[in-house]
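Analysis of the macromolecular model
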Amino acid sequence: MTNTSVVGKSVLRPDAFEKVRGGKGFPVNVSLPGMLHAKLLRSPYPHARVVSIDASAAEALPGVKAVLLPKDVPQIKFCPVFFVPTLAPSMIQDMLVMSDTVRYAGQPVAAVAATSAEIAEQALEFIEVEYEELPTVFTTEAAMGEGAPQLHADAPNNIAKNPVFEFGDLEAGFADADHIFEGTYKTQRVHTCYMEPRVCVVDSDADGRLTVHSSMQHMFGLREKLAFVLDLPESMVKVVKPPYIGGGFGGKLDMGYIEPVAALLSLKTGRPVRIEQTRYEDFITTTRNPIEVYLKTGVKSDGTFTARYARSTLDCGAHATHGAEVIMVHGMFGILLPYRCANQTWEGRTVYTNNMIGGGYRGYGSPQGAFAVESQIDEICEALNLDPIEFRLKNAHQQGDPHPFNPEFTLSTYRFEDCLKTGAERIDFARRAAAGSTEGVRKRGIGLGCQALWVSGCMGFPDIYEHSGAIIKLNPDGTANLSNATVDMGSGQITTLCQIAAEELGLRADQVRMTYADSETVPFDAPSHASRVTYSAGTAVKAAAANAKQRVLEVAAVMLEEGVDNLEVRDGHVHVKGSERKLSIAEVATRAESPFVQMTAEGPKPTTIGEKGTILGVSSMAPPSNPSPASVEFVEVEVDTETGEVSILRVVFAHDIGKVINPSAAEGQVEGGFQQGMGYALMENIQFDQETGACLTSDFLDYKMPTAVEMNFPIESIFIESDEPTGPFGAKSLSEPCTTVPAPAIANAIYNAVGVRIRELPITPEKILAALGKL
Amino acid sequence: MKKTITLQINGKQHEIAVEPYETLLQILRNQAHLRGTKRGCDSGGCGCCTVHLDGRAVYSCMIFASSLQGRKVTTIEGLPQGKELDPLQAAFVEAGAVQCGYCTCGIIMTAKELLAGNEPLDETQIRHGIAGNLCRCTGYTKIVDAIKIADASR
Amino acid sequence: MSLTSATEYFTPNGNQELLELLDRYGAGALIVAGGSFVHGLDARGLLLGIEALIDIRNLGLKQLTSDDDGLTIGAMVTFTELVQSEEVRSSAVLGAVRDALEYPPLQIRNVATVGGNIAAACPYFDLPTAFLALDAEVQVQGSGGARNLALHEMLVGLFQNGLEAGEFVTGLFLPRAPVRTASAFIKLESNANDLAIVNVAVRVSLDSAGSCQDARVAIGGGVAETSVRSSAAESVLQGEKVSDDLLQRVGEAVQSDLQPMSDHRASAAYRSAMAKTLTQRALRRALGRL
């Protein structure tokens, strides 16, 4: 592995200094002169036709400047997902910015812009809406059943998408099995709970050009979608990159209603319009889709898979949105591909209901899959008395194998086995007792969960954007500006990319600064999602830095009268190899930008054209591959068998992500991901009234997620480093597996502790007590 | 009906006209233009809005502005400014406790009250002390580390 | 959110001024003590038609006095002030109060008041259950003068308190208990910042023979429209010495006095089972303080 001086260090995050003092850069702070405030009127009914709307009383209120009704909104159907072209064939374009058909409780039917948010909100009460209520369906079973209301004209039985993948000969595989296991596993609807609300400010000029500020994960996706629904060329829409946003996790990976509504109101009033969602509105914006998975698996007595059949039913709610892609990622990376098996069939269904719509959320279908697959593996091992580590290794891919999803790539680095063995040894997995066998009211257990196959970005995925760009500019003081479209939502994207650039340029991390960008000034970038930034954006940043470095060396070559090949950068200097001679990068950058002819004491100093011009490096490129990280988690729990409460005692996470760019930031991903995975496993659940569709859990008092008290246990991150040949300085990407592996590990630990298997998340204390026969 | 109140924010007197329903959070952000205190929810459940009122950590989203006549508020902006960070702020940066940063200021203000006591804090006390502050990015691990560092150095 | 309909915020300087405001605004008045639950109620659509917010901070309701009869707590005493008081810190009798005040986060403890907590009549709150086990009386002021009512007369129904029109809470009185008395409180919650799924407070006195006397068993959370006492459980304890068998019978007796509800937090069956378990645990904790 290459020796690095910046990459591999836990450098301090440059944005942290500003954030501990208040944090000016959050989009929620954007305020423009003359700004109006808008609010959305939301349907209380989950399925209804808007018969009439009369907003005249609202319009007449002092302070109200404009009203927006469905008739004022272009009826252009779209898919809101950022990371695909709006008309991508694999997605479903079934949404309208404002429609007179309501398909879920909370869908906006009107909007008001006023001089204050309070006036806008009061004005909503003056809008008279006549609804015709329609029959509802809230379960996928009812939605697909006889007599169910058809929610979209082109989806019979409310099935939006129905992919099927078949490999080998399933029947033969089951015939070959010594044992067959079946089970149904259910996951629930949860929210990303980003702490900064969804918020936007949209301004317009007399020519109808828009400037957009928004808390979102993809500048170019927002530009594209917004232009599309307003029927504008993209060059008329400028999206400004926020310096950072207050969390996203995939929950800000699509265009909401607020940006197009604010845009239309701005065009109507000629003033900037701001919309900030309440926490209730955020809870009903987008969520992780619930998926029910039926698994039927055939194994030999030694644990080798002979056949695997799975059927997954995803509730996408009123519109398909991400559900058309989540089902694919779930099927591929959650079910079929993590382990080897020649005979597999998977059927997926994305089903419309009158529930709320789904969005992206870290893991994107793989948490739902991992819960099912890793729980069942545990069940198989228990039933056949097989070692869970050996079972997985028996069925695992090997380093050097062709990539199961993208065979033109290989699993060039894949240390899954080392992750399993190192993690097992660290927590002493072998010490666990037989399930439910320990004495006492409080019983302990250890469980294991894995994400054996994941992605570093979306290279090779049909219809999904995957390229990045960057512009690096050197300043005369020897620092560098990095301008690129990657949005930092907290995972440390800024820091990582600056480290990569600094390493390449021979600078310190704090000498590279991420600076301003908007959709008019920087190359296209795919979103901050899919664990792609380190690998994909990092590759582009490294390439831009390499270009800039080449210029540095060319200028220095003239100054030092040496060949470019004789020079190298390190420690902020250009060194002549094997010599003491050097120049600081500041001197080189200054020379490049100094006047063409400089006056000195000895008279005019000669110079060359080749030295002159700002030192720039630009890139716009796709990454070369899509290497898989490998992630393994061991969790020890204690269950109070009188109350069913679960305490986590210890977590060990072993992870192959290639070269770790910033160890502290990587640990932060593991620790934060565990909070989300633990919440998913034990307590989080967005619930709705089954009659009215109204949300029952729309604030933090009712929607439970782990606090610092519940997380009172050590989390050890073990990074099993490898040198990924296609990644920047050997790196692969991070992030999503941290949220995917906790739930199965916790579920398996609970089984080990109390001997009861719960196949439905969240595993609440009540479910445990019921399973123990105590209720 | 607006009423004018006079209160002290970060050591400075402010005269602000407030509506009956306006909260301390709203006047900090909108009238006093101090944006470090943040809104993360609407009913005192997340802690992003935490400030000190008469020396005690409170959710500013539930304090009516009209109740603030003659009282003292300290926000994140009231900690030492300029190039020097308050030791607790510095600990957060150094421990890697800041990811998206949206919850950070609220937790720092809460921790400030925890650290104002005479006894050293143990981990359970720290975690219990920040139970009213939610974080979705960090898993709290490095936040607790930062508070421990600040505790040890005082 | 209907709070934006409020057109006035008053801070009366004396009881008379407050009584006049209550008379003038009637149901359009909302008394604000600490104000820590106002926005939560508003978000749930439970505050409609509020015209005037009336802040009672200037009425001097901050007393925290102790005498031979008992402890008097002013309505505006905050949770922090109460938990830091000498008596609450040290008294075994008030163990339930001490326990209950462990649960809310710091920012709530610094603002929430005893008076506001009681007047909210919220069955998911903790202090009402603790106070119910301590024979608390609520001190009330109205245009007709002052009166005391037993706490259970104050907790009438779901968000319904026993105040007449024009009345307000001025304080809470906790009478002295016999020697060799201790109390404890336990709450079951989904995370550390939560309303109670179930909460239980137990106060028990031991006579010279070590038998339980005059026990109080109070349960709250989603077990009824208000926190309630279990006379069945209290009867089972009377005159008995502690044993595993006694605890089993006490738990079952508690269950017989409850009609728990099922909601998005928990089912009735779970609440019933937990009422039993928590009663047993609270009893053990209280006895451990004697």
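Counting from 1, residues in each chain are numbered in the order their sequence is written. Chain letters start at A and ligand numbers start at 1, both assigned in the order the entries are written. Predicted model: local features are reported for residues with pLDDT of at least 70 only, side-chain atom pairs are reported and counted for 80 or more only, and whole-chain, interface and lining totals are derived from all residues. Excluding hydrogens and water, the side-chain values take into account all heavy atoms of the structure.

**So, the overall build of chain B**
Secondary structure follows DSSP: runs of H or I at least 4 residues long count as helices, runs of E at least 2 residues long count as strands, and numbering of each begins at the N terminus. A count of helices and strands for chain B gives five helices and five strands. Secondary structure of chain B in N-to-C order comes out as β-β-α-β-β-β-α-α-α-α. Accessible area is worked out with a 1.4 Å probe on protein chains only. A residue is then buried under 20% of its type maximum, exposed over 50%, and partly exposed in between. Counting only residues that meet the buried cut, chain B has 66% of its 154 residues in that class. When contacts within chain B are restricted to residue pairs at least 6 apart in sequence, those whose partners lie at least 24 apart make up 56%. The Shrake-Rupley method, run with a 1.4 Å probe, gives the accessible areas here. Residue values count only the displayed protein chains as cover. Accessible area of chain B: about 5300 Å², with a carbon and sulfur share of 49%. Charge assignment: positive for Lys and Arg, negative for Asp and Glu; neither His nor the chain ends contribute. Here the site of a charge means NZ on Lys, CZ on Arg, CG on Asp, or CD on Glu. One way to put it: in chain B the 17 positive side-chain charges average out to a point 5 Å from where the 15 negative ones average out. Contact definition: two residues touch when any of their heavy atoms are within 4.5 Å.

**Brief notes about the domain arrangement of chain A**
Residue and element names in this part refer to chain A. When its domains are assigned, chain A resolves into domain 1 (14-22 + 467-621), domain 2 (31-134 + 194-283), domain 3 (137-187 + 288-395) and domain 4 (398-462 + 626-775). Between the C-alpha centres of domain 1 and domain 2 the distance comes to 39 Å. Taken together, the contact between domain 1 and domain 2 spans 25 residues of the former and 21 residues of the latter. Values labelled buried area give the accessible surface lost by two parts on being combined, using a 1.4 Å probe and summing over both. Carbon and sulfur atoms make up 62% of the area that domain 1 and domain 2 hide from each other, which totals about 1800 Å². Taken as a group, Val487, Met489 and Ser519 account for 33% of the area that domain 1 buries against domain 2, more than any other trio of residues on that side. Should a side-chain nitrogen of Lys or Arg be within 4 Å of a carboxyl oxygen of Asp or Glu, the pair is scored as a salt bridge. Our count for the domain 1 to domain 2 interface comes out at zero salt bridges. A 3.5 Å cut-off defines polar contacts: any pair of N or O atoms within that distance qualifies, except that in protein one atom must be a possible hydrogen donor and the other a possible acceptor, and neighbouring residues in sequence count only when both atoms are side-chain atoms. Between domain 1 and domain 2 we count 10 residue pairs in polar contact (both at pLDDT 80 or more) in total. As annotated, the domain borders come from an automatic or database domain assignment.

**With respect to the side chain of A:Thr4**
All names here are of chain A. Within the secondary structure layout, threonine 4 lies in the segment before helix H1 (14-19). On the accessibility criterion, threonine 4 (17% relative accessible area) is buried. At 2.7 Å, the side chain of threonine 4 and the backbone oxygen of valine 7 are in polar contact. Non-local contacts of threonine 4, meaning those with residues more than four positions away in its chain, are made with Lys9, Glu503, Lys659 and Phe729.

**Points about helix H18 (residues 742-754) of chain A**
Residue and element names in this part refer to chain A. Each helix should span, by expectation, one fewer than its residue count multiplied by 1.5 Å. Helix length check: H18, at 13 residues, gives a terminal C-alpha distance of 18 Å against a target of 18 Å (1.5 Å per residue), a fit within 8%. With 13 of 13 residues buried, H18 lies mostly within the body of the structure. Looking one or two places after H18, you find glycine 755, whose phi comes out positive at around 75 degrees.

**Some details on the state of the cysteines**
Every disulfide links exactly two cysteines, by a covalent bond between their sulfur atoms. When two cysteine sulfur atoms are found within 2.5 Å, that pair is recorded as a disulfide. All chains considered together, the criterion is met by zero disulfides over all chains. There is no disulfide at A:Cys458, and the cysteine sulfur nearest it, in A:Cys79, is 14 Å away.

**A short note on the interface of chain B and chain A**
If you look at the interface, chain B gives 50 residues, while chain A gives 53 residues. Here chain B packs against chain A, burying approximately 3900 Å² in sum over the two surfaces, 56% of which is carbon and sulfur. The largest contributions to the chain B side of the interface with chain A come from B:Gln99, B:Tyr102 and B:Arg136, which together make up 21% of the buried area. Taken together, the connections running from chain B to chain A amount to four salt bridges. The closest approach of N and O atoms between A:Glu276 and B:Arg39, which form a salt bridge, is 2.4 Å.

**A few points about the side chain of A:Asp699**
Mapping A:Asp699 onto the fold places it in the loop between helix H16 (663-682) and strand S29 (715-719). Polar contacts involving the side chain of A:Asp699 include one to the side chain of B:Ser43, which spans 3.3 Å. Here C:Arg44 takes part through its side chain, which lies 3.0 Å from a polar atom of the side chain of A:Asp699. Each residue touching A:Asp699, except ones within four places of it in the same chain, is listed here: A:Phe283, B:Ser43 and C:Arg44.

**Some points on the packing of aromatic side chains**
The pairing test for Phe, Tyr and Trp rings, Trp by its six-membered ring, is centres within 6.5 Å, and the orientation test on the planes gives stacked under 30 degrees, edge-to-face over 60, and tilted for anything in between. Applying the stated criterion to the full structure yields 25 aromatic pairs over all chains. On the basis of an interplanar angle of 55 degrees and a centroid distance of 5.7 Å, the ring pair of B:Phe64 and C:Tyr9 is categorised as tilted. In this pair, B:Phe64 sits in the loop between strand S4 (56-59) and strand S5 (72-74) while C:Tyr9 sits in strand S1 (residues 8-10), so the two residues belong to two different chains. C:Tyr9 shares its class with B:Phe64; the two are buried. Relative to C:Tyr25, the ring of C:Phe10 lies with its centre 5.7 Å away and its plane at 45 degrees, an arrangement referred to as tilted. With C:Phe10 in strand S1 and C:Tyr25 in helix H1 (residues 15-25), the pair connects residues that are 15 residues apart, well separated along the chain. Each of the two residues, C:Phe10 as well as C:Tyr25, counts as buried. Cluster of aromatic residues (ring-pair linked, three or more members): A:Phe305, A:Tyr339, A:Phe391, A:Tyr414 and A:Phe416.

**Overview of the nonpolar core**
Ranked by internal contacts, the top residues of the largest apolar core, which has 218 residues, are A:Phe416, A:Ile648, A:Phe674, A:Ile750 and B:Phe92. If one sorts the elements of this core by residue count, helix H9 (residues 323-336) of chain A sits on top with nine residues. When residues no more than four places from it in sequence are discounted, the contact partners of A:Phe674 are A:Glu633, A:Val635, A:Ile648, A:Val651, A:Met711, A:Phe713, A:Ile715, A:Cys738, A:Pro742 and A:Ile746. Residue types Ala, Val, Leu, Ile, Met, Phe, Trp, Tyr and Cys, when buried and joined through side-chain atoms within 4.5 Å, form a set referred to as a nonpolar core.

**A short note on the interface of chain B and chain C**
In this complex, chain B contributes 29 residues to the contact, which on the side of chain C involves 30 residues. Summing the contributions of chain B and of chain C, the shared interface buries around 2300 Å²; its carbon and sulfur component is 61%. Taken as a group, B:Tyr21, B:Met62 and B:Phe64 account for 25% of the area that chain B buries against chain C, more than any other trio of residues on that side. In this structure, the connection of chain B to chain C is made through zero salt bridges.

**A few points about the pattern of salt bridges**
All names here are of chain A. Summed over all chains, the structure comprises 70 salt bridges over all chains. Here arginine 757 makes a salt bridge to aspartate 378, at a shortest N to O gap of 2.8 Å. A residue pair is termed long-range when its members are at least 10 positions apart, and arginine 757 in the loop between H18 and helix H19 (765-771) and aspartate 378 in helix H10 (residues 366-384) qualify at 379 residues. The class for aspartate 378 is buried, based on a relative accessible area of 9%.

**Observations regarding the domain arrangement of chain B**
Residues and elements named next belong to chain B. Domain annotation of chain B identifies domain 1 (3-78) and domain 2 (87-152). Each of domain 1 and domain 2 has a C-alpha centre, and the two are 21 Å apart. Contacts between the two partners involve 18 residues from domain 1, matched on the other side by 14 residues from domain 2. Counting across the domain 1 and domain 2 interface gives one salt bridge. In this structure, the salt-bridge partner of glutamate 113 is arginine 56, at a minimum N-O distance of 3.1 Å. For the interface between domain 1 and domain 2, the tally reads seven residue pairs in polar contact (both at pLDDT 80 or more). Within the residue set of the side of domain 1 that touches domain 2, elements represented by two or more residues are strand S3 (50-53) and S4. The classification used treats Ala, Val, Leu, Ile, Met, Phe, Trp, Tyr, Cys and Pro as nonpolar, Asp, Glu, Lys and Arg as charged, and all other residues, Gly among them, as polar. Each residue belonging to the side of domain 1 that touches domain 2 can be placed in one class, and the counts come to six nonpolar, nine polar and three charged.

**Thoughts on the sheet that holds strand S6 (residues 128-133) of chain A**
The strands that make up a sheet are held in pairs by hydrogen bonds between backbone atoms, and each pair lies either parallel or antiparallel. Residues and elements named next belong to chain A. Ordered in space as S4-S2-S6, the three strands form an open sheet in which the pairing is antiparallel. Of all the strands in the sheet, just strand S4 (101-102) and S6 have a single pairing partner and so form its edges. In terms of strand pairing, strand S2 (residues 48-54) meets S4 through two bridges, oriented antiparallel. Counterpart to alanine 48 in the pairing with S4 is valine 102. If DSSP finds at least two bridges between two strands, the strands pair.

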